[in-house]
Amino acid sequence: MRDDQPAPPHRPGWTPRDPTVPATPPPAPPAAAAPPGASGRARRSRPRRILRALFRTALIGTLLLAAAFVAGYLLVDIPPANATATAQSNVYLYRDGSQIARDGEVNRENVRLAHIPLTVQHAVLAAEDRDFSSARAVDPKAMVRAAWNTLTGKGRQSGSTITQQYVKNYYLGQEQTVTRKVKEFFIAIKLNREKSKDEILEGYLNTSYFGRNAYGIQAAARAYYGKEAAELDTGEGAYLASLLNAPSAYDVATHPENRTRALARWNYVLDGMVKERWLSRTDRATASFPTPQTARPATGLSGQRGYIVQAVEDYLTANGVLDENTLAGGGYRITTTLEKEKQDAFVTAVDDKVMSRIDPTSNPVDRYVRVGGAAIEPSTGRVVAMYGGIDYTRQYVNNATRRDYQVGSTFKPFVLTAAIEHTSLTQDGEPITPNTFYDGADKRPVEGWHGAHYAPANEDDASYGPITVRTATDDSVNTVYAQMAVDVGPARVKETAVALGLPARTPDLNGSPSIALGPATASALDMAEAYATLANHGRHGTYTLVERITKDGQDLNLPSSDTRQAVSREAADTTTHVLRSVVESGTGTAALAAGRPAAGKTGTAEDDKAAWFAGYTPDLATVVTVMGQDPDTGEQKPLYGALGQNRINGGGTPAEIWGHFTREALTGTEARDFELEMGEGAEEWLEPLDPPQPEGPAEEGREETPEEQLGQAGPKGPRRPRLPEAPQAAQAPQAPSAPRQEAEPLPRPETIQPDQQPPRPDSEVGTGTGTPEQRPPQPPRPETFQPAARPPGQ
């Protein structure tokens, strides 16, 4: 259109086009109106389609499951009895392949269900499957629940009925595989159709493993109570039923520390019987725990062999390599980390220092003497030797692994390690080093502790002046270490002890100032693991007792022993530096008989019920303990007068055994010195203060000079004046600690030679006045060994 042409005439609905605006397409014609109700029908059809799809999926799934069930039922037959029902022997070997022992003489005798008391049957049902009589052979819900708990870390659970357990025990095996569970499922269903409930229960009671190599209720009755199954009472039946869950976890004779756990399980069984109306409340109220008799092991496990087999079995089951039933089935070839020469050396050392001195006929206290110990190679964590007791067939409990005796002052190095690790400060803000001074006054209340009043006593109530941590370690001064535990923090001390190797579940490993004095009841093997970590410059690898395990030529997987830095090298090496002083001039000089550089600590439990020496060289960490126990009652007993000595203390017999064993075990190897990287201030060597002698009869033939009375001089040279004793605080509840008992007057020799020194105290566990660590006569040092040089005057 030309610009001079006139615009077209206006028409209704038409607007002149602006050339700058894009053209808009004409609107679409309106859609035809939907019939009334169409949208509602569409909305209702969608859920129907979803439901139909779900129904088809469920139907297909059900058909597949049904087909799988039918196929499994038809294909899986009831097999013949498995190897466990005809158990084989296990062979235990030293590291060099020579044989230690062979076990597996199966103890089994079948008995008819009619000969088993009804209360015993009910106890088993209360423990394992209370709905056995009315329930199906399998419980799918329980199986799903058990699988879920296992996958979510709540513990491995079987979810099995008694029928399934019987199938597993007699027809299959103990391996935790899907294939075995599927077979177990179908065989249990078939068995339930072919046998009555009574027949299944009878088979279960005759094939279940109760520990002590006892298969079946009849063998268990004899092994634990020395009677026939028909003679078992309700309490005894409840205890045997408790064992089915985990025999080694509830055998209070093999592991005395299990008593609390065993009582809880026993009560659970009896309460279940009451709930199911199988036991009256009156009979329940009058029931008392029936302590089982001491085990009577096979003669083939005499000497140290039985202790080794027991320790290896505990190691394999505790680490999940095998469960007890599978291991009892036999057929395994187990190569341990034990070295025959070192094992023999341990036995020889105990025979020389203890067994040759025992005379129970003329000295009844000698009947109480028990010895235990373990040796670990620090660089690898391998247990190379173990002493469990005089003879497995005579003393059944393994003294190397039991956890029911206080470790005493052998715990104190863990406090020092924690102090260096956490760069802890005293109450005055001074860094804690081996040369930090503390007040060693007797019964000095700890400062900075917000719990109950705590003022531990030193051994023989001796008060010391301002002494260094190094001297307090040499002489094991309780008041210094209790205060140091508060300065570091008891929780940190516990954390450090666990990091070094003590189990977190160690009984009486508390979080109060008394932790420093050793009320914890760790085993000799536990302590050896912790001291091996110190020897390995703070690097910790869980101990290993098994080098290899095979069955039918196939290797089984063993736990990894990867090492980690548990505490800093400076903390571990500083502790080693201080513990060398204990051996060279403190309470552990008897360990110098090893003839090579060594570090260690003595310890004595309350009332002389146990004495310890824990020590190490760069190549070997060993812990030795001498314990007192009544062979008739199992009660812990003091060792006053044992072995012809007034007292048994850590610096005496245990240190002598340690020195003898270490010398022989390391024969032929070059003596190495420690390569230490200590923390700041640790290498600075100060003149240790001469601690005051405990109050009591003075050394005959010598009177204290006026200068000594004023604290100006002493037999060892200049010393600082003693601090005044702290005033006695008002009586108040004590923090948790070892039981306090007053010390009995100590027998002293009728005459003391002028050149003899009175016993040097090593204050020990708890707040009591238990046992001083008498410094044994220092043996002559081997010419080939020169101790680390000290500055002049030391």
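Worth saying up front: this structure is predicted, and the values here are computed from it rather than measured. (Residues numbered from 1 in each chain as written. Predicted model: local features only at pLDDT ≥ 70, side-chain atom pairs only at ≥ 80, totals over all residues. Heavy atoms only, no water.)

Visitor: Outline the overall build of the chain, listing residues and values.
Guide: Within the chain one finds 22 helices and 16 strands. Burial analysis of the chain (794 residues in total) assigns 52% to the buried set. Across the chain, every contact between residues at least 6 apart in sequence was considered, and the portion connecting residues at least 24 apart equals 74%. Accessible area for the chain stands at about 37300 Å²; split by element, carbon and sulfur atoms hold 51% of it. (Helix = DSSP H or I, 4+ residues; strand = E, 2+ residues; numbered from the N terminus. Buried < 20%, exposed > 50% of the residue type's maximum accessible area, 1.4 Å probe, protein only. Contact = heavy atoms within 4.5 Å. Areas by Shrake-Rupley, 256 points an atom, 1.4 Å probe, with all protein chains shown as cover.)

Visitor: Which residues make up the packing of aromatic side chains, and what are the values?
Guide: In this structure the tally under the stated criterion is 15 aromatic pairs. Judged by centre distance (5.0 Å) and plane angle (75 degrees), the rings of Phe 411 and Phe 414 are edge-to-face. Accessibility assignment for this pair places Phe 411 and Phe 414 in one class, buried. Judged by centre distance (5.4 Å) and plane angle (70 degrees), the rings of Phe 613 and Trp 658 are edge-to-face. One end of the pair, Phe 613, is in strand S15 (residues 610–616); the other, Trp 658, is in helix H21 (residues 653–665), with 45 residues separating them in the sequence. Taking the relative accessible area as the measure of exposure, Phe 613 reaches 0% and is therefore buried. Taken together, the aromatic side chains of Tyr 224, Tyr 225, Tyr 239, Trp 266 and Phe 289 make up a single cluster linked through ring pairs. Over the face of the ring belonging to Tyr 268 we find Arg 130, whose NZ or CZ atom lies 4.8 Å from the ring centre. Its end group placed over the ring of Trp 266, Arg 284 keeps NZ or CZ at 5.9 Å from the ring centre. (Phe/Tyr/Trp six-rings, centres within 6.5 Å; stacked < 30°, edge-to-face > 60°. Lys NZ or Arg CZ within 6 Å of the ring centre and 35° of its normal.)

Visitor: Before we move on, can you summarise the sheet that holds strand S14 (residues 599–604) with the specific residues and values?
Guide: One open sheet holds the five strands; their spatial order is S7-S6-S16-S15-S14, and the pairing between them is antiparallel. This sheet does not close on itself; its edge strands, each paired only once, are strand S7 (382–387) and S14. Strand-to-strand twist in this sheet, taken as the mean axis angle between neighbours without regard to direction, amounts to 10 degrees. Where strand S6 (residues 369–377) and S7 come together, five bridges link them in antiparallel fashion. (Pairing = 2+ DSSP bridges. Axes fitted to C-alpha atoms, helices over the stretch in contact; angles between N-to-C directions.)

Visitor: Describe in detail the sheet that holds strand S5 (residues 332–336), supporting the description with residues and values.
Guide: Ordered in space as S2-S1-S5-S11-S12, the five strands form an open sheet in which the pairing is mixed. Each of the sheet's edge strands pairs with one partner strand only, and the pair in question is strand S2 (99–103) and strand S12 (554–555). Direction of pairing for strand S1 (residues 90–93) relative to S5: parallel, over a ladder of three bridges. Counterpart to Val 91 in the pairing with S5 is Arg 333. The strands touched by helix H12 (residues 305–318) are S1, S2, S5 and strand S11 (546–551); relative to S2, the strand with the most contacts, the crossing angle is about 75 degrees.

Visitor: Pulling in residues and values, what's your account of the side chain of Asn 458?
Guide: In this fold, Asn 458 is placed in the loop between strand S8 (437–439) and strand S9 (466–468). Of the polar contacts made by the side chain of Asn 458, one reaches the backbone oxygen of Gly 440; its length is 3.0 Å. (Polar contact = N/O pair within 3.5 Å; in protein donor to acceptor, adjacent residues only side chain to side chain.)

Visitor: Before we move on, could you go through the nonpolar core and cite the residues and values that matter?
Guide: Within the largest apolar cluster, 91 residues are counted, with the highest numbers of intra-cluster contacts made by Phe 411 and Met 484. Considering every element that reaches this core, the biggest residue donor is helix H19 (residues 524–535), with nine residues. Residues within four places of Met 484 in sequence aside, it is in contact with Val 415, Leu 416, Ala 419, Ile 432, Tyr 438 and Val 469. Within the second largest apolar cluster, 49 residues are counted, among which are Tyr 204, Leu 205, Ala 246 and Val 269. (Core = buried A, V, L, I, M, F, W, Y, C linked by side-chain atoms within 4.5 Å.)

Visitor: Now, about empty space enclosed by the protein: what can you tell me, with residues and values included?
Guide: If you walk through the whole model with that rule in mind, you get two cavities of 30 Å³ or more. Volume-wise, the largest cavity comes out at about 90 Å³. Taken together, 15 residues form the lining of the largest cavity, with Pro 378, Gly 381, Ala 532, Arg 539 and Gly 541 sitting closest to its centre. Counting only elements with at least two residues in the lining of the largest cavity, the list comes to S6, H19 and strand S10 (539–540). Here the residues of the lining of the largest cavity sort into four nonpolar, eight polar and three charged. (1 Å grid on protein atoms, 1.4 Å probe; cavity = no way out; pocket = protein on both sides within 12 Å on 5 of 7 lines; lining within 4 Å. Points joined across faces, edges and corners; volume = space filled by probe spheres on them. Nonpolar A, V, L, I, M, F, W, Y, C, P; charged D, E, K, R; others polar.)

Visitor: An account of the confidence of the model for the chain is needed here, citing residue identities and associated values.
Guide: Scored by pLDDT, the chain comes out at a mean of 79, with 71% of its residues at no less than 70. Counting contacts from residues 1–7, a segment whose pLDDT is below 50, to residues more than four positions away or on other chains yields one contact. Below pLDDT 50 for its whole length, residues 685–794 participates in 248 contacts with residues either more than four positions away or in separate chains. (pLDDT = per-residue confidence, 0-100.)

Visitor: Just give me the short version of a positive patch on the surface, but keep the residues and values in it.
Guide: Among the surface-exposed residues, Arg 46, Arg 48, Arg 49, Arg 52 and Arg 56 lie close enough to one another that they form a single positively charged patch. With respect to the helices and strands, the residue Arg 46 is situated in helix H1 (residues 38–75). When its relative accessible area of 46% is taken as the criterion, Arg 46 is described as partly exposed. (Patch = residues over 30% accessible without salt bridge, like charges linked within 9 Å, V, L, I, M, F, W, Y side chains within 5 Å. Salt bridge = Lys/Arg side-chain N within 4 Å of Asp/Glu carboxyl O. Lys, Arg positive; Asp, Glu negative; His and termini not counted. Charge placed at Lys NZ, Arg CZ, Asp CG, Glu CD.)

Visitor: Tell me about H12, and name the residues and values.
Guide: When the terminal C-alpha atoms of H12 are compared, their 20 Å separation across 14 residues agrees well with the 20 Å that a helix rising 1.5 Å per residue should span. Those residues of H12 that fall on the buried side of the exposure criterion are Gly 306, Tyr 307, Ile 308, Val 309, Gln 310, Ala 311, Val 312, Tyr 315 and Leu 316. Residue Gly 320 follows H12 closely and has a positive phi angle near 70 degrees. (Expected span 1.5 Å × (residues − 1).)

Visitor: Which residues make up the environment of Ser 160, and what are the values?
Guide: With respect to the helices and strands, Ser 160 occurs in the loop between helix H3 (140–151) and helix H4 (162–170). For the pair formed by Ser 160 and Glu 128, sequence separation is 32 residues and the distance between their alpha carbons is 8.9 Å.

Visitor: How would you explain the pattern of salt bridges if you had to name every residue and give the values?
Guide: Enumeration over the complete set of coordinates arrives at 28 salt bridges. Residues joined in a network through salt bridges with shared partners are Arg 95, Glu 339, Lys 342 and Glu 547.

Visitor: Describe the pairing of S6, and please don't skip the residues or the numbers.
Guide: The buried fraction of S6 is high, at nine of nine residues. Where burial is concerned, the two faces of S6 agree: the one with Val 369, Val 371, Gly 373, Ala 375 and Glu 377 and the one with Arg 370, Gly 372, Ala 374 and Ile 376 are both buried. Examined bridge by bridge, S6 and strand S16 (residues 621–628) share eight bridges and lie antiparallel to one another. Looking across to S16, one finds that Ala 374 is bridged to Val 623.

Visitor: Now, about unusual backbone geometry: what can you tell me, with residues and values included?
Guide: Excluding glycine, residues mostly carry a negative phi; peptide bonds, for their part, are mostly trans. The phi dihedral of Thr 423 is positive, around 45 degrees, even though this residue is not glycine. By the secondary structure assignment, Thr 423 is in the loop between helix H15 (412–421) and S8. Even without a glycine there, the phi angle at Asp 608 is positive, about 60 degrees. A relative accessible area of 0% places Asp 608 in the buried class.

Visitor: Outline the packing of H15 against helix H17 (residues 478–488), supporting the account with residue identities and numerical values.
Guide: Direction vectors running N to C along H15 and H17 enclose 40 degrees, while the axes themselves pass 10 Å from each other. Our classification of the angle between H15 and H17 gives oblique. As H15 packs across H17, the resulting crossing turns out to be left-handed. Side by side, H15 and H17 meet where Lys 412, Val 415, Leu 416, Ala 418 and Ala 419 of the first sit next to Asn 478, Tyr 481, Met 484, Ala 485 and Val 488 of the second. Classifying every residue of the contact of H15 with H17 by side-chain character gives eight nonpolar, one polar and one charged. (Parallel < 35°, antiparallel > 145°, perpendicular 65-115°, else oblique. Left-handed = near helix turned anticlockwise from the far one by under 90°.)

Visitor: Can you lay out the pairing of S15 for me, pointing to particular residues and giving the numbers?
Guide: Most of S15 sits inside the fold, with seven of its seven residues counted as buried. Where burial is concerned, the two faces of S15 agree: the one with Ala 610, Trp 612, Ala 614 and Tyr 616 and the one with Ala 611, Phe 613 and Gly 615 are both buried. One ladder, built from six bridges, connects S14 with S15; its direction is antiparallel. Each bridged residue has a counterpart across the sheet, and for Ala 599 the counterpart in S15 is Tyr 616. The hairpin formed by S14 and S15 contains five residues between the paired strands, and Asp 607 there has a positive phi angle of roughly 60 degrees. Alignment of S15 against S16, held across seven bridges, turns out to be antiparallel. If you follow Gly 615 over to S16, its bridge partner there is Thr 622. Between the antiparallel neighbours S15 and S16 lie four residues.

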